[in-house]
Protein chains: 2
Amino acid sequence: MYAVILAGGSGTRFWPLSRKKNPKQLMSVFGGKSMLQRTVERVLPLKPKRILVVTNTLQAEESARQLKAYHKECRVDIIEEPVGRNTAPAIGLAASIIARYDPDGLMLVLPADHYIVQEEKFRETVQQAKKAALNGYLVTMGIVPSRPETGYGYIEAEMELRSRGPYPVKRFVEKPNLTRAVEFINAGNFYWNSGMFIWRADVILDNLMAFMPELSAALARLSFSEDVWELDDLNLQIESIYQDIAGESIDFGVMEKADNVVVVPAEFGWSDVGSWGALPEVLEPDPAGNVTINVMEKLAMDAEGCLVYGGGKLTALIGVKDLIVVDTPDALLVCHRDRAQDVKKIVEELEKRGLAEYL
Amino acid sequence: MYAVILAGGSGTRFWPLSRKKNPKQLMSVFGGKSMLQRTVERVLPLKPKRILVVTNTLQAEESARQLKAYHKECRVDIIEEPVGRNTAPAIGLAASIIARYDPDGLMLVLPADHYIVQEEKFRETVQQAKKAALNGYLVTMGIVPSRPETGYGYIEAEMELRSRGPYPVKRFVEKPNLTRAVEFINAGNFYWNSGMFIWRADVILDNLMAFMPELSAALARLSFSEDVWELDDLNLQIESIYQDIAGESIDFGVMEKADNVVVVPAEFGWSDVGSWGALPEVLEPDPAGNVTINVMEKLAMDAEGCLVYGGGKLTALIGVKDLIVVDTPDALLVCHRDRAQDVKKIVEELEKRGLAEYL
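Residues numbered from 1 in each chain as written. Chains lettered and ligands numbered in written order. Predicted model: local features only at pLDDT ≥ 70, side-chain atom pairs only at ≥ 80, totals over all residues. Heavy atoms only, no water.

Here we come to the interface of chain A and chain B. Across the contact, 37 residues belong to chain A and 37 residues belong to chain B. Between chain A and chain B, a total of about 3100 Å² is buried, with carbon and sulfur atoms accounting for 67% of that surface. A per-residue breakdown of the area chain A buries against chain B is headed by A:Leu314, A:Ile318 and A:Leu332, which together make up 21% of the total. Between chain A and chain B we count 6 salt bridges in total. Between A:Asp327 and B:Lys313 there is a salt bridge, with the nearest N and O atoms lying 2.3 Å from each other. The tally of links between chain A and chain B comes to 18 residue pairs in polar contact (both at pLDDT 80 or more). Elements represented by at least two residues in the side of chain A that touches chain B include exactly strand E13 (297–301), strand E15 (314–318), strand E16 (323–327), strand E17 (331–336) and helix H11 (343–352) of chain A. Counting residues per element, the side of chain A that touches chain B draws most heavily on E17(A), at 6 residues. Class assignment for the residues of the side of chain A that touches chain B results in 22 nonpolar, 4 polar and 11 charged. As paired elements, E17(A) and strand E13 (residues 307–318) of chain B share 5 bridges and run parallel to each other. (Contact = heavy atoms within 4.5 Å. Buried area = accessible area lost by both parts, 1.4 Å probe. Salt bridge = Lys/Arg side-chain N within 4 Å of Asp/Glu carboxyl O. Polar contact = N/O pair within 3.5 Å; in protein donor to acceptor, adjacent residues only side chain to side chain. Helix = DSSP H or I, 4+ residues; strand = E, 2+ residues; numbered from the N terminus. Nonpolar A, V, L, I, M, F, W, Y, C, P; charged D, E, K, R; others polar. Pairing = 2+ DSSP bridges.)

Structure below.
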C-alpha cells in the first residue's frame, strides 16, 4: 500500500497563522508536530511502501524539511504542483506514478490537515477498507456523524445488509441545512464525507479515463524516467501539463459518477479542522469553554467559549464570549466564533489590497 | 508661577501597556509624545519659573530622560516619592520647596496623565484662575460637564452672581449614580472635579497645617540646602519622612474642608483618561466607532466600537463589538469595553500570583 497525502491546501481560514508558505498543514496548530507530520506518523504503523506528498511548489521546501526525519522508516517523495487544481489532478498524478511502478498498488489518500483522535481505530478502518479496494472498489471513509453538522457533505449508504460495511454508496449530498442534517442523522445511513479514500491505482486511473478524460489525457503525457521515483524531471513536466488541467474535486469528478463506490463507516474522532471555529471541538477546553494554545499564562475573568492562539504571551480575557483571537508576529485577528468562516474573506481583502506580505 | 506635575501614578487600568516602570503618564498612549511630555509642553507657553515633577522612585529615571529636552526652555526638577501616598503629600512636598524659595509663589498643580483637547483655552483658564489664587483662594478647575458621567466627582458652585467665575464652592460630591448625575447636569452649577488646582504655596501650606497637621509636621522636618533646588539630599530626606506619612488626597484632606475654595469653570475638552474605555472619547473613531492605535493596517468586517492598541501589526476584526484589545510584546489583553475598570483586577491577580515580570 502507498500513502498519498494531499498537502497543497492554502488554509486561508487559518489566517493569520496559516500563510501561503506556511499553511495550516505545516503549522503546529496543536503545539508540537505539524498536521502533515501527524498525518505521516499516523500511517507509518501501516507500513506503506512509500509515502507520496502532493503539495504546492511554494510549500515543497518546508514540507521536505518537516518530513526528512521519517525517511529512515519510509521513503517520502514530494510531488510539486505549480498551482492548486483541487483534489482530482493531485490524485491523478499520484496514481500515475504509483501505477507505473506497481499497477494494481493500493493507494490510501489522506488530506494532510485533518485531525484524528483515535489513531489505532483509524488504522483498523484502513485495514477493513483495504479488502474492498483490492477487489476493485473505490472506497471512501464515511465518518459516523456525531451531530447534525451543516459544514460537511454527507454520503448516503445502502445499508440493507446490516453488515459492518463497506456499504454501497447511494449518493453524495452537498452540505445540508440544519433540518436536512437532522433528518440524515435520524435516518442512520448517512456519513460525513471525509475526503479519505482507498483504491487501486489502476482502478482510479480507469475511472479518471471514464469520467475525466481531459485530465486523464494530460496525465498520459507524463514520461517517466527509468527510475520512476526520479521525481525532479517529473516535477518539471507537471508544471507544463498543469497549464491545461482544470481544477476539479475527486468527489465531483469521479466519486459521484462511478458505480463501484463503497463507504466504510469510520468512528475514530475526526475533524477536518476547517476553520479556527473547529479547534474547540478537537482540543480540550477549560470548564468555561476556553481554549488557549501557545499562551504563556492565562487569566480569564468571565470569559466563555474563547479560543486564543497566542504569541507565547500572557493572555488576559475579561468579560468576553465566543471570540477567536490569533496573535502572530505581524498580524492580529479578533473574530467572533460564528464568523470563523469569514476569515478567508480577510485573506481575499489582503490580496485585493496587494498586502502580499501578510498572505 | 511654578508648575507642579503629579506624575507618580501607577496606571494599572492601562495594563498591559502601562507597567510599574512605564506607567500611563510615561506611555505614548496617543502615539508620539508621552502624556507627561504633553503636560509639560502644555504649560511651557505659560512661562513657569520652574517645573516640579513629583513622581515615584521607580519612574524617576525614565521621567528625567523624557524631560531632558525641555531644560533649555524651563528648568524641570524631579522630586522622588519612595511610595505613592496619594496627592496631599505630593502637593505638600512641592509647596514646601516652592515656599522656601518664593513663599507666596503661585503653584499650578496638574496631573501628568490627563488629556486636554484645546490647549490654548486651557492656558486662558489658568490665567483667569491666577487672579483668585493671588488673592489667597484655593482655586480648582471645574470642567463644564458634557454628559452625566458617573465616573467623575462633581463640584457644586454658588453661581448666584452670574459672573464668569471663579465661583465659591458649596461642596464636593463623590461619583454620583446616573440619576443624580443627570440632576447635576440639569442644575447647571455642577462641574467635574478635574484635580487641577492653582494657589499660592503659603496658602496651601497654611491649609495643610489647619486640616492635615500630621502631614504638615512631617513636611516641617525637611531641612533645605543653601540652594533650595539641590534636590538630591532632599530626595533622601523624603524617603525618611514618607515612613510616617499617611496616604490622603488633597480633595478629602483640604479642599472639602477649607472655606476659601473657588472653582473656575473650564471648557477645553478634558478627560482624565481613567481607563482604556476612555480613549475612544478623546481619539477620533472611524465611522463604525473603532479606534486603532499603533496598528499597521486595519481590516474591519462588521466591527463596532472596538479599541485596538496594537503591536505595530496588521489587525483584522470580524463580527466583534465593544472590545478593547491591547497587544504588547509579552502580554495580550482582550476585554469588553464595559469591563475596562476591571483591568486593574488583572493586575491585582498578577501580583497575587507573583507574576512580577508582567507588572
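Attention shifts here to the packing of aromatic side chains. Per the counting criterion, the structure on display carries 18 aromatic pairs over all chains. With centroids separated by 4.9 Å and ring planes inclined at 50°, the aromatic side chains of B:Tyr152 and B:Trp270 adopt a geometry described as tilted. Residue B:Tyr152 is located in the loop between strand E6 (138–143) and strand E7 (154–157), and its partner B:Trp270 is located in strand E11 (residues 270–271); the two are separated by 118 residues in the primary sequence. Assessed through its relative accessible area of 7%, B:Tyr152 is described here as buried. Taken together, A:Phe14, A:Trp276 and A:Tyr309 form an aromatic cluster joined through their ring pairs. In this structure, A:Arg50 packs its charged tip against the face of A:Tyr101, placed 5.7 Å from the ring centre. In this structure, A:Lys257 packs its charged tip against the face of A:Phe252, placed 4.4 Å from the ring centre. (Phe/Tyr/Trp six-rings, centres within 6.5 Å; stacked < 30°, edge-to-face > 60°. Buried < 20%, exposed > 50% of the residue type's maximum accessible area, 1.4 Å probe, protein only. Lys NZ or Arg CZ within 6 Å of the ring centre and 35° of its normal.)

Another aspect to go through is the pattern of salt bridges. On inspection of all chains with the given rule, the structure shows 48 salt bridges over all chains. Note that A:Asp102 is salt-bridged to A:Lys49, the shortest N-O span being 3.0 Å. Note that A:Asp102 is positioned in the loop between helix H3 (87–101) and strand E4 (106–111) and A:Lys49 in the loop between helix H1 (35–43) and strand E2 (50–56), a separation of 53 residues in sequence. Residue A:Asp102 is classed as buried on the basis of its relative accessible area, which comes to 15%. A salt bridge links B:Lys345 to B:Asp342, with the nearest nitrogen and oxygen atoms 3.1 Å apart. Taking relative accessible area as the criterion, B:Asp342 reaches 12% and is therefore assigned buried. Among the charged side chains, a salt-bridge network with shared partners connects A:Glu297, B:Glu349, B:Lys352 and B:Arg353.

Side chains that are three or four residues apart share a direction in an α-helix, a result of its 3.6 residues per turn. Taking 1.5 Å per residue, 15 residues should reach 21 Å; H3(A) reaches 22 Å between its end C-alpha atoms and fits that length. Three or more residues of H3(A) are buried, namely A:Ala88, A:Pro89, A:Ala90, A:Ile91, A:Gly92, A:Leu93, A:Ala94, A:Ala95, A:Ser96, A:Ile97, A:Ile98 and A:Ala99. (Expected span 1.5 Å × (residues − 1).)

Here we take up the side chain of B:Ser18. All names here are of chain B. Within the fold, Ser18 resides in the loop between strand E1 (2–6) and helix H1 (35–43). Here Ser18 falls in the buried class, since its relative accessible area comes to 3%. Here the side chain of Ser18 touches Ser10 through a polar contact of 3.3 Å, landing on its backbone oxygen. At 3.0 Å, the side chain of Ser18 forms a polar contact with the backbone nitrogen of Lys24.

Turning our attention to a negative patch on the surface. On the surface, a cluster of negative charge is made up of A:Glu226, A:Asp227, A:Glu230, A:Asp232 and A:Asp233. Here A:Asp227 lies in the loop between helix H7 (213–220) and helix H8 (231–241). (Patch = residues over 30% accessible without salt bridge, like charges linked within 9 Å, V, L, I, M, F, W, Y side chains within 5 Å. Areas by Shrake-Rupley, 256 points an atom, 1.4 Å probe, with all protein chains shown as cover. Lys, Arg positive; Asp, Glu negative; His and termini not counted. Charge placed at Lys NZ, Arg CZ, Asp CG, Glu CD.)

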